[in-house]
Structure formats: structure tokens, C-alpha cells
Amino acid sequence: MAGMSANDIIITEIWLTAHHRGLRDTMQLPVLKAVAMIATAFALPAFAGQSTPSARQQDLSVTSAPLIVSGVQATRVRHFGADARLLTVSPLNPSDDATFAALKGITAQNFVVEAILKGVPIDNASTARGFVGIAFRISNDLTRFEAIYVRPTNARADDQLRRNHTTQYISHPEYPWERLRDQHPGKYESYVDLDADRWTKMRLVVSGSSAQLYVNDALQPALIVNDLKLTPASGGIGLWVGPGSRAYFKSLKITVKRP
């Protein structure tokens, strides 16, 4: 395919095959690239439809991917019958939104993230909403990022106003949810139906200054942001959790869009 080398195609094929066959999580991309070069020499075919001329896909083992944490604790657990990565806010974290775990070595400006996740309040006494989502365009020093997340327990509340606050966009540090809600009511959050007691599929599409959030198998976005606050630039991608919540991540797939 024009715009991609055969190695790029084979790398994608072997990565996905290795992941789904359950090979050791310690297998690293350089090893796969070496195998890919050998495979190319023997003219092995690429998966039809797995790659496009402008995209490269990685299907990550979310339970073993190396993380760079900011204000959170990350552990491997079993949850709802599946291996998962659990994020909780560190007791030492200051009261802000910089609570995420960046995927080490993963950066992108324009991309698609597909995740299966679940957020719950940390205990029955908590007033938190089970905040869980994806952080992106994380700066190298971890001080600036954007995120889109959901408040699962809002989705089926008896209060319509609370339902309308199920999804949320933020840009740290200048645009926390409080400022966005106060200055632009309803613009950076929305209602979407989801079951807080089940895994939720989240698909986040980021391109230039816009982002779209799709939940479960919906064909239309639940949230559209056309004016992302940070200047478009390559940055890290990570798992995000809010205060008073447990965020579980079951799977993660990232497709990086090339210029």
C-alpha cells in the first residue's frame, strides 16, 4: 500500500497475532520488527484490512504495558471475570485532575483509542461518580494534558441534570471541568446511556483541534469537542481516573494517524 513499507504492515500483523495467541507480554516491538523483516524477505502476505496507508495500529496488553504514573496507583487485578489494570488516586496526590498513567513510549497527535473500561465509586459512602477515561496529548513533564472521561453512575440517575453530566472533556491545568461548566454550560459534557455495572466500550477519535467520543456500539458520537484547548501537538496517551473512584481497564487499542 502506498505510504507504508512492507515492514509496517507485517509488524501490525505479527503484533496482533502474538497478542491474540496469548504469547508472553514481555515480547517487545523491536523483536517483532526483526521477525517482520524476515517475513518480508519470504514475501508473507499482510492482513487484508488491518492497516491503511495513513494509520498504524497497536493492540496493547493493558495489564502489562509499562506505565508512567502521575498521582495514581496502578495494579493488576481480576475484575468481572477478566484481567484488568486498576487505577486509583494516590493518597499523596494534590487535589487536581493530573491523575493518570501514561503508556510508556506511546505518543501521537492524531489517533483513535478504543478501550473497554469500567469505573465505580471507591466505596458505598463515596459521592464520586466512578470517573474513568482517557488522557491524551500528555506533555513530557506530565504537567499538561487533555482528557475525556465518563461518570458512569450519572448515566441512569433519576435526576436529568445529573444525567446530562455523564461525559466530560477537560484540559489540564487551565480548563478543569468546573471552569468549563461555569463558562460554557453543556458544551463540554453530555448525556450518554451506559450501565455502571458492566464494562463500557469507549472509542475516542482525536484529530487536530477536534475530538469525538463514541460509547459502546453507537454510530454517532456522544460528545463532540471542536475546540480542544491545547495547541495540536504530539503527546502521550494514558489511562485516567478521577477522585474517589476505581478505574478498571480491560483492553486498549490505539491507531495512530500519520500526517
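Fair warning: this is a prediction, and the values are worked out from it, not measured in the lab.

Once that is clear, we can look at the overall build of the protein chain. For the protein chain, the count of helices and strands is four helices and 15 strands. When burial is assessed residue by residue, the protein chain has 46% of its 259 residues classed as buried. Working note: accessible area of the protein chain is about 12800 Å², and carbon and sulfur atoms make up 53% of it.

Before going further, it helps to spend a moment on the pairing of strand 11 (residues 200-207). Of the pairings in the sheet, the one linking strand 6 (residues 111-121) to strand 11 comprises seven bridges and is antiparallel in character. The residue of strand 11 that forms the bridge with Ala115 is Met202. With six bridges joining them, strand 11 and strand 12 (residues 210-215) adopt antiparallel strand pairing. In the strand pairing of strand 12, Leu204 is matched with Leu213. Between strand 11 and strand 12, which pair antiparallel and follow one another directly, the connecting turn spans two residues, one of which, Gly208, has a positive phi of 60°.

A separate point is the pattern of salt bridges. The full count for this structure, using the stated rule, is nine salt bridges. With its nearest N and O atoms 3.8 Å apart, the salt bridge here joins Glu114 to Lys253. On the criterion of sequence distance, the pair formed by Glu114 in strand 6 and Lys253 in strand 15 (residues 245-257) is long-range, its members being 139 residues apart. Among the salt bridges present, the one from Asp193 reaches Arg156, with a minimum N-O distance of 2.9 Å. A residue pair is termed long-range when its members are at least 10 positions apart, and Asp193 in the loop between strand 10 (189-190) and strand 11 and Arg156 in the loop between strand 8 (145-150) and helix 3 (160-163) qualify at 37 residues. Given a relative accessible area of 37%, Asp193 falls into the partly exposed group. When salt bridges that share partners are traced, they join Arg151, Arg181 and Glu189 into one network.

A few words on the packing of aromatic side chains. The way to describe two aromatic rings as a pair is by their centre distance and the angle between their planes. Applying the stated criterion across every chain yields a total of five aromatic pairs. Arranged with centres 4.3 Å apart and planes meeting at 25°, the rings of Tyr149 and Trp240 form a pair that is stacked. Placement of the pair is Tyr149 in strand 8 and Trp240 in strand 14 (residues 235-241), with a sequence separation of 91 residues. Exposure class is identical for Tyr149 and Trp240. Each is buried. Site record: aromatic cluster; members linked through ring pairs are Phe131, Tyr149 and Trp240. The ring of Tyr214 has Arg203 lying over it, and the distance from NZ or CZ to the ring centre is 5.4 Å. The ring centre of Tyr175 lies 5.2 Å from the NZ or CZ of Lys229, which sits over that ring.

The residue Thr166 is located in the loop between helix 3 and strand 9 (167-172) in this model. The buried category is assigned to Thr166, whose relative accessible area is 0%. In terms of polar contacts, Thr166 uses its side chain to reach the backbone carbonyl oxygen of Arg163, at 2.6 Å. If we skip the residues at most four places from it in the chain, Thr166 touches Tyr149, Val150, Arg151, Asn154, Ala155, Ser190, Tyr191, Val192 and Leu194.

Here we come to the confidence of the model for the protein chain. Taken as a whole, the protein chain shows an average pLDDT of 82; of its residues, 78% reach a score of 70 or greater. Ignoring residues within four places in sequence, the model shows residues 1-53, a span with pLDDT below 50, making 62 contacts including any to other chains.

Turning to the nonpolar core, a few remarks are in order. Counting 42 residues, the largest nonpolar core has Leu103, Ile134, Ile237, Phe249 and Leu252 as its most contacted members. Discounting chain neighbours no more than four positions away, the residues touching Phe249 are Val62, Ala84, Arg85, Leu87, Ile116, Leu117, Val132, Gly133, Ile134, Trp199, Leu239 and Trp240. Counting residues in each nonpolar core, the second largest holds twelve residues, with Ala98, Phe100, Phe131 and Ile138 among its members.

Here we come to unusual backbone geometry. In the segment running from His172 into Pro173, the intervening peptide bond is cis, with an omega of 10°. Its location among the elements puts Pro173 in the loop between strand 9 and helix 4 (177-183). Phi is positive for Leu142, which is not a glycine, with a value near 65°. Take Leu142: it is sitting in the loop between strand 7 (132-138) and strand 8. Under the relative-accessibility criterion, Leu142 is labelled partly exposed at 23%.

Cut-offs and rules
Numbering of residues begins from 1 in every chain and follows the order in which that chain's sequence is written. Note on the predicted model: pLDDT of at least 70 is required for a residue's local features to be given, and 80 or more for side-chain atom pairs to be given and counted; whole-chain, interface and lining totals, by contrast, use all residues. The basis for every side-chain value is the complete set of non-hydrogen atoms in the structure, without hydrogens or water. A helix here means a DSSP run of H or I that spans at least four residues, while a strand means a run of E at least two residues long, and both kinds are numbered starting from the N terminus. Exposed residues in this analysis have more than 50% of their type's maximum accessible area, buried residues have under 20%, and partly exposed residues fall in between, with area computed by a 1.4 Å probe over protein chains only. Only the protein chains shown count as covering a residue, and every accessible area follows the Shrake-Rupley method with a 1.4 Å probe. In this analysis, strands are considered paired if DSSP registers two or more bridges between them. Take a side-chain nitrogen of Lys or Arg and a carboxyl oxygen of Asp or Glu: if they are within 4 Å of each other, that pair is a salt bridge. Note on aromatic contacts: the rings of Phe and Tyr and the six-membered ring of Trp form a pair at centre separations within 6.5 Å, being stacked when their planes are under 30 degrees apart, edge-to-face when over 60 apart, and tilted otherwise. Cation placement over rings: the criterion is NZ of Lys or CZ of Arg within 6 Å of the ring centroid and within 35° of the ring normal. N or O atoms within 3.5 Å of each other form a polar contact, as long as, within protein, one can give a hydrogen and the other can take it, and as long as residues adjacent in sequence are counted only when both atoms are side-chain atoms. Only heavy atoms matter for contacts: two residues are in contact if any of them lie within 4.5 Å across the pair. pLDDT is a per-residue confidence score from the predictor, ranging from 0 to 100. Take the buried residues of types Ala, Val, Leu, Ile, Met, Phe, Trp, Tyr and Cys, join any two whose side-chain atoms come within 4.5 Å, and each joined set is a nonpolar core.

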